[in-house]
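Geometric and topological summary
Residue strings, one per chain:
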Amino acid sequence: MEVTLLGTGDTTGTPTPGCDCDTCEEAEERGVERTRFSVHVRNERTDESLLVDASPDFRHQFLHRDVALPDEALITHIHFDHLDGLGNAYRLFDDLPVHAASEVDPVTGESVADTIRSKYDYLDRVTVHDREPFEPFETCGLEVRLVPVEHPPLLCYGVAVSDPETGAKLSLTGDTSYAVPDESRAALADPDLLLADAIVPADLCVHHPEGGDHHGPDGVARTFGTKHMTREGALALADELDAAETRLVHLAHYYPVEEAFEEPLAVDGERYRL
């Protein structure tokens, strides 16, 4: 299994347009980016690939990273920075199967799959497949499960991807607070590679209107506000899941420049073989 991090940034990315903060300027100087979130997973045995989340930066990512267009896609939730790249399916695909959760969101009155179906009804090249949370399904020769996480107010899902022949496992937390349900933690556990949402360091919680939540024994917040893990929360979850390797993703440009490019914070283009 070959995993390429196409997009490792949050909703504005790094560098953020119009921003002259030290972190954005350092990213420019280093020649690195954190575009909106997306992950390319290639089954090396079959040479098929799965795209996890369709970034608005889809075109840029596929022009600048040495990966093939996906055979299938999966969408974790309906926020624009994870979904709106699907519009790129126009003229690029004969048919793109898209997998998404079938669970109805009480906030929207429809499932993620329903929202994709209605929002992209003009794209006859997109075929949406409804998937029950926790139920494994096969795509690109891999076994995939959507697992519920906590990203209020909307339903959101992490993803567990396993190769049934080699046993290699990739886990993605999805956009989530630290309050990942126990059943989902079990489904995500023991990955060879964990991609964990870690939007900012915990000490920045003082700047959020909601502060921080899910404090550890050391009193450090593991959730920034209500929607995303802090760096410290993501690393604590990685320890609990017994991840062999962890990369922090969905990163904001608010990381102080002296911390913004330190391990294990990811940047676009990183590639892993599991």
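Structure report, in brief. Quick caveat, the model's predicted, so the values are computed rather than measured.

**Some points on the side chain of Thr 176**
Secondary-structure assignment places Thr 176 in the loop between strand 10 (169-172) and helix 5 (182-188). With sequence-adjacent residues up to four places away left out, Thr 176 is seen in contact with Val 149, Glu 150, His 151, Asp 197, Lys 227, His 228 and Met 229.

**Brief notes about the packing of aromatic side chains**
In total, this model carries two aromatic pairs according to the counting rule given. Ring centres 4.6 Å apart and planes at 35 degrees place the aromatic pair Phe 58 and Phe 62 in the tilted group. Of this pair, Phe 58 and Phe 62 both sit in helix 2 (residues 58-64), separated by four residues, roughly a single helical turn. Across the pair, exposure class does not vary: Phe 58 and Phe 62 are buried alike.

**Quick look at the pattern of salt bridges**
In total, this model carries 19 salt bridges according to the counting rule given. Residues Arg 45 and Glu 165 are paired through a salt bridge, measuring 3.4 Å at the closest nitrogen-oxygen approach. Taken as a pair, Arg 45 in the loop between strand 2 (38-43) and strand 3 (48-52) and Glu 165 in the loop between strand 9 (157-162) and strand 10 lie far apart in primary sequence, 120 residues in all. Given a relative accessible area of 37%, Arg 45 falls into the partly exposed group. Taking the relative accessible area as the measure of exposure, Glu 165 reaches 61% and is therefore exposed. The residue Arg 125 makes a salt bridge to Asp 124 at a minimum N-O spacing of 3.8 Å. Under the relative-accessibility criterion, Arg 125 is labelled partly exposed at 30%. Each of Glu 2, Arg 42, Glu 44, Asp 47 and Arg 273 takes part in a single network of salt bridges with overlapping partners.

**A closer look at the environment of Asn 43**
For Asn 43, the location among the structural elements is in strand 2. What makes Asn 43 buried here is its relative accessible area of 1%. Each C-alpha atom, one on Asn 43 and one on Thr 12, is 30 Å from the other, the two residues being 31 residues apart in sequence. Apart from the residues lying within four places of it in its own chain, the contact partners of Asn 43 are Glu 48, Cys 140, Gly 141, Leu 142 and Asp 163. Here the side chain of Asn 43 touches Arg 45 through a polar contact of 2.9 Å, landing on its backbone nitrogen.

**Structural notes on empty space enclosed by the protein**
A full pass over the atoms with the stated rule returns two cavities of 30 Å³ or more. Lining the largest cavity we find Phe 37, His 82, Thr 173, Gly 174, Asp 175, Leu 195, Ala 196, Asp 197, Val 249 and His 250. The element that contributes the greatest number of residues to the lining of the largest cavity is strand 11 (residues 193-197), accounting for three residues. A per-class count over the lining of the largest cavity returns four nonpolar, four polar and two charged. Ile 78, Asp 105, Thr 108, Glu 110, Ser 111, Val 112, Thr 115 and Leu 155 together form the lining of the second largest cavity. In the lining of the second largest cavity, the residues fall into three nonpolar, three polar and two charged.

About the cut-offs
Residues numbered from 1 in each chain as written. Predicted model: local features only at pLDDT ≥ 70, side-chain atom pairs only at ≥ 80, totals over all residues. Heavy atoms only, no water. Helix = DSSP H or I, 4+ residues; strand = E, 2+ residues; numbered from the N terminus. Contact = heavy atoms within 4.5 Å. Phe/Tyr/Trp six-rings, centres within 6.5 Å; stacked < 30°, edge-to-face > 60°. Buried < 20%, exposed > 50% of the residue type's maximum accessible area, 1.4 Å probe, protein only. Salt bridge = Lys/Arg side-chain N within 4 Å of Asp/Glu carboxyl O. Polar contact = N/O pair within 3.5 Å; in protein donor to acceptor, adjacent residues only side chain to side chain. 1 Å grid on protein atoms, 1.4 Å probe; cavity = no way out; pocket = protein on both sides within 12 Å on 5 of 7 lines; lining within 4 Å. Points joined across faces, edges and corners; volume = space filled by probe spheres on them. Nonpolar A, V, L, I, M, F, W, Y, C, P; charged D, E, K, R; others polar.

Such coordinate-based values are descriptive only and should not be taken to indicate function.
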